[in-house]
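Observations on chain architecture
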Amino acid sequence: MKVYMPDREWPEHYKPVLEELAKITDPVTGGDILDSGVIAGLEVSDDTLKVWLKFESHAEYNITGESAIAYSKIIGDIMERFALVKFQNVYVYDLKNNPVGVFENKKGYTIEDISPERA
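Note that the structure is a prediction, hence the values are computed from the model and not measured.

1. What to know about the overall build of the protein chain
- If you tally the helices and strands in the protein chain, you get 3 helices and 5 strands.
- The linear arrangement of helices and strands in the protein chain, starting from the amino end, is β-α-β-β-α-α-β-β.
- Of all 119 residues assigned to the protein chain, the portion counted as buried reaches 39%.
- Across the protein chain, the fraction of contacts at a sequence separation of at least 24, relative to all contacts at a separation of at least 6, is 51%.
- As displayed, the protein chain has an accessible area near 7100 Å², and 51% of this comes from carbon and sulfur atoms.

2. Here's the deal with the pairing of strand 2 (residues 39-44)
- The buried fraction of strand 2 amounts to 5 of the 6 residues, a majority that puts the element mostly inside the structure.
- With 2 bridges joining them, strand 1 (residues 2-3) and strand 2 adopt antiparallel strand pairing. Directly across from Lys 2, in strand 2, lies its bridge partner Leu 42.
- When strand 2 meets strand 3 (residues 48-53), the two strands line up antiparallel, connected through 5 bridges. The partner of Gly 41 across the bridge, within strand 3, is Trp 52.
- Taking the residues that link successive antiparallel strands as the turn, the strand 2-strand 3 hairpin has 3 residues.

3. Here we look at the packing of aromatic side chains
- All chains considered together, the criterion is met by 5 aromatic pairs.
- Here Trp 52 and Tyr 93 contribute two aromatic rings whose centre-to-centre distance is 5.0 Å and whose plane-to-plane angle is 20°, an arrangement assigned as stacked. In this pair, Trp 52 sits in strand 3 while Tyr 93 sits in strand 4 (residues 89-93), placing the two residues 41 residues apart along the sequence. The residues Trp 52 and Tyr 93 share a single accessibility class, namely buried.
- Through a chain of ring-to-ring contacts, three or more aromatic side chains come together here, namely Tyr 4, Trp 10 and Tyr 14.
- Above the ring of Tyr 14, the side-chain terminus of Lys 2 is found at 6.0 Å from the ring centroid.
- Positioned above the aromatic ring of Tyr 91, the side-chain terminus of Lys 50 is 5.9 Å from the ring centre.

4. So, the pattern of salt bridges
- Scanning all chains against the criterion turns up 6 salt bridges.
- The partner of Lys 50 in a salt bridge is Glu 43, and the shortest N-O contact between them spans 3.9 Å.
- What makes Lys 50 partly exposed here is its relative accessible area of 23%.
- On the basis of relative accessible area, Glu 43 is assigned to the partly exposed category, the value being 30%.
- Connected via shared salt-bridge partners are Glu 20, Lys 23 and Arg 81.

5. Focus on the sheet that holds strand 3
- Spatially, 5 strands are ordered 1-2-3-4-5 in an open sheet, and the strand pairing comes out mixed. The outermost strands of the open sheet, each flanked by one partner alone, are strand 1 and strand 5 (99-104).

Rules behind the numbers
Residues numbered from 1 in each chain as written. Predicted model: local features only at pLDDT ≥ 70, side-chain atom pairs only at ≥ 80, totals over all residues. Heavy atoms only, no water. Helix = DSSP H or I, 4+ residues; strand = E, 2+ residues; numbered from the N terminus. Buried < 20%, exposed > 50% of the residue type's maximum accessible area, 1.4 Å probe, protein only. Contact = heavy atoms within 4.5 Å. Areas by Shrake-Rupley, 256 points an atom, 1.4 Å probe, with all protein chains shown as cover. Pairing = 2+ DSSP bridges. Phe/Tyr/Trp six-rings, centres within 6.5 Å; stacked < 30°, edge-to-face > 60°. Lys NZ or Arg CZ within 6 Å of the ring centre and 35° of its normal. Salt bridge = Lys/Arg side-chain N within 4 Å of Asp/Glu carboxyl O.

Listed below in structure tokens is the structure:
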């Protein structure tokens, strides 16, 4: 995992991911998830994206009310923008490395397989 820092020099293959993450709004602050400090780290490979969010446990996630709803929305937005569209596997973790969002394309679907007519 590469720890997210705004001024860090990122490898070229990370830049499109960061640009897309900057388009996701943090419902609590109204800013993007990079500027609001929600992203703790990421790892980008050819077919896999891993994102770590700055919250600590399922217990905290489940009891904090508004924050839990915000994190659920952020996780959903990450999945919607990256799963199958850009990566075959997408994992979202909390800071304790617990998976809070998982998409694995085990059957080899393509984005063309998911069409409005078939949904």
